[in-house]
Every structure is written in structure tokens, then in C-alpha cells.
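# Secondary and tertiary structure notes
Spelled out from the first residue to the last, the chains are:
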Amino acid sequence: MKYEPVIGLEVHAELFTKSKMFCGCEVVDSITARPNRYICPVCTGQPGALPVLNKKAIELAVRVGLALGCQIHTESIFARKNYFYPDLPKGYQISQYDQPLATDGKMQIETEAGIKEVRIRRVHLEEDTGKLSHADAHSFIDYNRSGVPLLEIVTEPDLRSPEEVRAYATKLHAILRYLGVNSGDMEKGVIRFEANVSVREEGSDQLNPRTEIKNLNSFRALTLGTEYEIQRQSEVYAQGGLVEQQTLGFNEATGKTYSQRGKESAHDYRYFPEPDLPPLVLDSAWIQAIRASLPELPEAKIRRFMEQYLLTPQEARLLTSEQALADYFEDVVSRSKSRAKTVSSWIAGEFIRNMNDLNIDVTKIPVPSDDFAQLIDMVSEKTVSGSSGKVVLAEMFKNGGKPDQIVKEKGLGQVSDQGFIQDAVMKVLNDNTSEVEKYLAGKDTLLQWFTGQVARATKGKADPNVTKELLVKALEERRE
């Protein structure tokens, strides 16, 4: 029996605001800030404290709803979601339930089978909880995060594989960063994924009991947790068992999900309208002004990069994966004499390799765009070789400096002098007679190897085109 996964995703994203959702407390880094220093009677649920809406949080939420093609409702209602948990100081969470801010959106993702549309059920506002930590036999609560504006984005159960789940999550992550509403820093918990997973017989349209995997804070955890739960549920049904609706955690060390509690239904939370907040009423003109301020989003930017710069879909997707990278690419292109394709190749290759090796955030690129453009032009104009250009770029990343100065200081200028290169060619051929015999016997691919050996012997200074010409000539003379 084959089983088909049915997956819906809930994404919780903290919004980029200076103050919390319903009070004036500062929003701080919950990892580095001293615990329980940025709190007040409102966000800790003290008797008599009254919430006041954060207008900036509403604006950012509307931006997301519009970017996802949602219908923005001019009137929405906040509700109390009642449940007990130590990190929820009021004993309830202010959220939205049956009248959310935005509904009926959609997002297109790329799958192996082609483009797929994922429906967005709702986008609504709520407040974040505190942070609960455990050590030995003790538990600790930090309420700095309590009350931080939180946006929940809920899909319909349209996803059918862990790969589709990852594609959706990756694209949404990029959109939130493009919109400037969330940092996307998953390690700090500012964006968290929750996968609702069920399986059914292939070809069936039945929806079976689902499990919810909570607080997945990386694409890897999201993918592995979903994969494991699909396998686990499939095995339960194959053995004649029933899947219990429950809330799960995921242990990355073991690669397995584990039960946390029985999965609640909506009525368990006893939702009712928040009595201390009136209905949220938005002006249509304000919504349109927010729509007009939206930036060019990844999908549109991909299409433009392909048309304007003649890039492949893969090249365009890489460059637009982060807005900061896309902006940097366009800035380099505007300053360089080289083709956009050449700039793209440099960024996709050595540039990103250096970024990864040094663990540099894309928003903190240390190489000025005009310096990078100059280096690319120096390679294109054969002032330096490609291999020397890589050395220069690595130096620019690690210690800074202008490319022409680095070339001069390190003696990396490319040499086209035939006498200098001829000496290196003859030495390489004389030192590698067995390879010469193999080349003359028909192994033409060794020409590239000989070229590399000359480049190594000249420390990357030899012009590769001149090198290749002199190598071919010298080898043919040996054939005679």
C-alpha cells in the first residue's frame, strides 16, 4: 500500500518593530539581552493592565498579506486564546481567530513536476509568548519576548512532500526579508515553522488525523522532521494501527519526533473576542498606500534579471535569494565594464565561497561594489589571471584593500611576455616526459593539465592564452 502525505504549514514570524504588540516595551534580542529586563505590567499580564495596538505591526502585517495576494479585511477582531503554559503570563494569548486580518492568498513554488500553487488560508496577528528554558531539574522563564508582535501565516494542506514544504518555506523566508518585516534569523527563533502532517492512501481524497510538529527553527529540521513523520505514520497504518492527533517535538540528534501533548482543537482554546480591544478597522486608502510601497519581490526580480541581464533561471534565482545580494549584483554591474554574465559567475563562484568560508552575513558584505567591479574588469582585461583574481578577492575579503594595490604588493600582475612563459613551458614539458608521451599518443585532455602546471610554475602570472599557444607549438615540435 502506498501512502500520500498531506501537509499544511504554519509559520510564525516576529515582526520588525521597536516596541511590543500591545505595550511600549522595547523589542530586544532574546538570546543576548538580560532576562526579564524589558517587561511591564501589560506584557506580563498584571491585573488591570490594558493593551494598546501597535500601528507599525499592523502595517507590516498588511505588507505581508498584500505580497501573498491575500484579501485584506478592513475590519478584523482580536480574540483571547485560552490555555495554560508557564511562558504565557496572562493565561491566554491575544490572537485573531474567526475574523483575521487577511485571507485567501497564494504562492507559487517550483517543484520537480513544475510550478505549483499553494493556497494561503490566513495571515493574522498575535503576540509571542515568553521563553522557557530547562536545566537539570529546574525551568527558567524569560518574559522579554512575551508580547513581541507575531505574524502567523497558515497554508491550506496543499503540500505533498518534504521537498515542497522546503520550497515553500524557503520562498516565504525570502519574501519576509525582502519586505523588511523579519530578519529571517532562524537560529534566534524570530521565525519558526510548524508542520501539520497526515498521510492517506494514494489516490484518496480523505483527510486523516494529523500531527503538528512544533517550533522547527531551520530548513533542515523542517525537512527532516517532516520526512520522519511521514515515514512513521505510513508504518502505523501499514501495521493496522491508527494515528493519534497530537502535538510533537522534533529531536535533531535522533532524527525522530516525540509526543508533547494531545493536539487541541479550536474549541479547547475557548476563543472569545478580546474585551479590552475594539475591532481593528483599516482605511482602504491606507491599505492602497502600503500596496504602492511594496518592493520588487523575488519572483518579479527573477523574471527581470533573466530578461535584462540574460541570465539563466538558476543564475537569477541565486542572485535574488537575498535582496542584499541582488542589490549588490546590480551595483557591481553598473560599475563594471564586464558583462552581467561575468559578474554573475564571479558572485556564484568565488564570491559566495568566501562568504561561506568566513561565515559572513549577506547584509554585511565587506568588499565594496566598486572594488569588486574593478577586480572583475582587471581579470577580463587580462591585467591579472583568473587564478590570481581569486587570490586577490580572498585578500579583499579577509583584510580589505584595493585590487590594484593588492596585485602590485603581491606581484600578481599577468605576464604576456613570450620569453618568460616559454621558459616555464619548456621546464614543465622536460619535467613531465611521460605525460608528454601520453599527449602525443592521443590524450589531448592533458593540454589543460600542462596549462595548469605552467600557471603553477609562474604563480598564476602567465597569460593562459599565450601559454596554450606556446604549449601546442612545443608539443607539436616534439611530435615531429
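As shown above, the structure is provided for reference.
Residues numbered from 1 in each chain as written. Predicted model: local features only at pLDDT ≥ 70, side-chain atom pairs only at ≥ 80, totals over all residues. Heavy atoms only, no water.

## With respect to the overall build of the chain
- When helices and strands are tallied, the chain shows 15 helices and 16 strands.
- Compactness check: the chain gives a C-alpha radius of gyration of 29 Å against a globular reference of 23 Å for 480 residues, more than 25% above the reference.
- Each of the three principal axes of the chain carries a C-alpha extent, and together these read 95 × 55 × 50 Å.
- For the chain, the residues scored as buried account for 49% of the 480 residues in total. (Helix = DSSP H or I, 4+ residues; strand = E, 2+ residues; numbered from the N terminus. Rg over C-alpha atoms; globule rule 2.2 N^0.38 Å. Buried < 20%, exposed > 50% of the residue type's maximum accessible area, 1.4 Å probe, protein only.)

## What to know about helix α10 (residues 386-399)
- Its 14 residues place the ends of α10 20 Å apart at the C-alpha level, agreeing with the 20 Å of an ideal helix rising 1.5 Å per residue.
- Taken residue by residue, α10 has Ser388, Gly389, Val392, Leu393, Ala394, Met396 and Phe397 as its buried positions.
- Backbone geometry just downstream of α10 places Gly400 in the positive-phi region, at approximately 75°. (Expected span 1.5 Å × (residues − 1).)

## What about the pattern of salt bridges?
- Summed over the entire model, instances satisfying the criterion amount to 30 salt bridges.
- Across the pair Glu296 and Arg304 runs a salt bridge, and its minimum N-O distance is 2.9 Å.
- Classification of Glu296 as partly exposed rests on a relative accessible area of 29%.
- The partner of Arg353 in a salt bridge is Glu350, with the nearest N and O atoms 2.7 Å apart. Note that Arg353 and Glu350 are positioned in helix α8 (residues 340-357) at a spacing of three residues, about one turn of the helix.
- In this structure Glu350 comes out as buried when scored by relative accessible area, which is 15%. (Salt bridge = Lys/Arg side-chain N within 4 Å of Asp/Glu carboxyl O.)

## Focus: the sheet that holds strand β12 (residues 211-216)
- Pairing within the open sheet is mixed, and its nine strands lie in the order β2-β6-β7-β10-β1-β11-β12-β13-β14. Both outer strands of the open sheet, β2 (71-72) and β14 (256-262), are each paired with one neighbouring strand and no more.
- With six bridges connecting them, strand β13 (residues 246-251) and β14 associate as antiparallel partners. When the sheet's bridge partners are listed, Phe250 is paired in β14 with Thr257.
- The strands that helix α3 (residues 219-238) touches are β1 (3-14), β11 (191-201), β12, β13 and β14; relative to β11, the one it contacts most, it runs at about 25°. (Pairing = 2+ DSSP bridges. Contact = heavy atoms within 4.5 Å. Axes fitted to C-alpha atoms, helices over the stretch in contact; angles between N-to-C directions.)

## Focus: the packing of aromatic side chains
- On inspection of all chains with the given rule, the structure shows 16 aromatic pairs.
- With 5.3 Å between their ring centres and 45° between their planes, Phe305 and Phe329 make a pair best called tilted. With Phe305 in helix α5 (residues 298-309) and Phe329 in helix α7 (residues 323-335), this residue pair connects regions lying 24 residues apart in the sequence.
- Exposure remark for Phe305: the relative accessible area of 0% places this residue in the buried category.
- Judged by centre distance (6.2 Å) and plane angle (20°), the ring pair of Tyr328 and Phe372 falls under stacked. Linking Tyr328 in helix α7 with Phe372 in helix α9 (residues 369-380), this pair joins segments that are 44 residues apart in sequence.
- One aromatic cluster is present, formed by Tyr328, Trp346, Phe351, Phe372 and Phe397 through successive ring pairs.
- When the ring centre of Tyr269 is taken as origin, the NZ or CZ atom of Lys81, which lies over that ring, is 4.5 Å away. (Phe/Tyr/Trp six-rings, centres within 6.5 Å; stacked < 30°, edge-to-face > 60°. Lys NZ or Arg CZ within 6 Å of the ring centre and 35° of its normal.)

## Quick look at the sheet that holds strand β4 (residues 78-82)
- What the three strands build is an open sheet, ordered β5-β4-β15; its pairing is antiparallel. The open sheet has two edge strands, β5 (92-96) and β15 (272-273), and neither has a second partner.
- Here β4 runs beside β15; their pairing, made up of two bridges, is antiparallel. Paired with Ala79 across the two strands is Pro273, which belongs to β15.

The analysis is restricted to geometry; functional conclusions fall outside its scope.
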